[in-house]
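Chain residues, written in single-letter form:
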Amino acid sequence: MDETILAVAILFIIMGVAGIFIPSMGISETMRPLAEFSGFLLALGIVMLPIGLFRGGLPVLTGGKVYALSFLGIGLVSFVLVSAALQIGPFMKIEEIGLTGPTPFNVTIVILPGSFDPTATETYSPANVKVLAGYNSTVIWVNGEQVNVAHTVTSDQGLFDSGLFGPKETWVFTFGRAGIYPYHCTPHPWMQGIVTVEEGPLPESTSG
Ligand SMILES: [Cu+2]
């Protein structure tokens, strides 16, 4: 057993799992590359683990090490299982944040013409919207391009994805859960926006 490799492997696995969970909790869109890097760390850790364990023959484990390793292993496995059961972290499902029907009011975000240009400063407009779940949390994205360019509305956290839609086309999504939902355009990653959903008592209707 090579304890250095083993320790590094365990460290990579912990960092990998943490790095995959943290960005999916919707903290910041700048965390997105971290999730990708974490996947790599996790894979590397998993490859290194048996190398560390079995280098120089089968491991002869004694006392404390057995407990420490099994504790770690059981901890990691139960962490992943509990997250999957609760559908949190990377296991959050789209059905969990989306509603099926439209809300009484909605918000429209226009994808400005020229958003395909990497130097464009304004793309999704407004780029930052705040809505109230169940009240005006139906968000409509309109592709306002004047040339034939398709865009997407893709969750940084993997929670929703419009797929490509062309000029004059729209994509509608109704948010049902409070949270901060950063998104981007798959072919044009400089296009970035955030929908902030709040939950609370609905304002009284003035239409009746
Ligand atoms: Cu785009």
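Residues numbered from 1 in each chain as written. Predicted model: local features only at pLDDT ≥ 70, side-chain atom pairs only at ≥ 80, totals over all residues. Heavy atoms only, no water.

Going by the annotation in an unreviewed UniProt entry, the name recorded for the protein is Blue (type 1) copper domain-containing protein, with Caldiarchaeum subterraneum given as the source organism.

Here we look at the pairing of strand β7 (residues 179-184)
Here strand β5 (residues 154-155) runs beside β7; their pairing, made up of 2 bridges, is antiparallel. Across the sheet, Thr154 pairs through a bridge with His184, a residue of β7. Sheet analysis places β7 next to strand β8 (residues 192-198), joined by 6 bridges and oriented antiparallel. Residue pairing for β8: Pro182 is matched across the bridge by Ile194. (Pairing = 2+ DSSP bridges. Helix = DSSP H or I, 4+ residues; strand = E, 2+ residues; numbered from the N terminus.)

Let's talk about the sheet that holds β7
The 4 strands lie next to each other as β3-β8-β7-β5, forming an open sheet whose pairing is mixed. Strands at the two margins of the open sheet, each flanked by one partner only, are β3 (128-132) and β5.

Brief notes about the coordination of the copper ion
Note on the copper ion: its protein donors are His151 (ND1), Cys185 (SG), His188 (ND1) and Met191 (SD). The metal-donor distances range over 1.9 to 2.7 Å. For the copper ion, the 4 donor atoms in the first shell make angles of 87 to 133 degrees at the metal, so the coordination geometry reads as tetrahedral. Each donor residue of the copper ion belongs to the same chain, and together they define the spacing H-x33-C-x2-H-x2-M. Residue His151 is located in the loop between β4 (138-143) and β5, and its partner Cys185 is located in the loop between β7 and β8; the two are separated by 34 residues in the primary sequence. Residue His151 shares its accessibility class with Cys185, and that shared class is buried. (Donors = N, O, S within 2.8 Å, 3.2 Å for Na, K, Ca; no water. Tetrahedral: all angles 85-135°; square planar, octahedral: opposite > 155°, others 65-115°. Buried < 20%, exposed > 50% of the residue type's maximum accessible area, 1.4 Å probe, protein only.)

Points about the pairing of strand β1 (residues 106-111)
Burial along β1 is one-sided: the face carrying Val107, Ile109 and Ile111 is buried and the face carrying Asn106, Thr108 and Val110 is not. In terms of strand pairing, β1 meets β4 through 6 bridges, oriented parallel. Following the sheet pairing, Val110 is matched in β4 by Val142.

Section: the nonpolar core
Counting residues in hydrophobic clusters, the biggest one holds 23 residues, and the most contacted among them are Tyr124, Trp141, Val153, Phe160, Phe175, Tyr183 and Val195. Of all the secondary structure elements, the ones that give two or more residues to this core are β1, β3, β4, β6 (170-174), β7 and β8. It is β1 that provides the largest number of residues to this core, a total of 3 residues. Not counting the four nearest positions on each side in its chain, Phe175 is found in contact with Ile97, Leu99, Ala133, Gly134, Ser137, Val139, Trp141, Phe160, Tyr181, Val195 and Val197. (Core = buried A, V, L, I, M, F, W, Y, C linked by side-chain atoms within 4.5 Å. Contact = heavy atoms within 4.5 Å.)

Let's talk about the sheet that holds strand β2 (residues 124-125)
The strand order β2-β1-β4-β6 describes an open sheet built from 4 strands, whose pairing is mixed. The open sheet has two free edges, formed respectively by β2 and β6, since each of these has just one partner strand. The sheet contact formed by β4 and β6 spans 5 bridges and is antiparallel. Its bridge partner lying in β6, Val139 is registered against Phe173.

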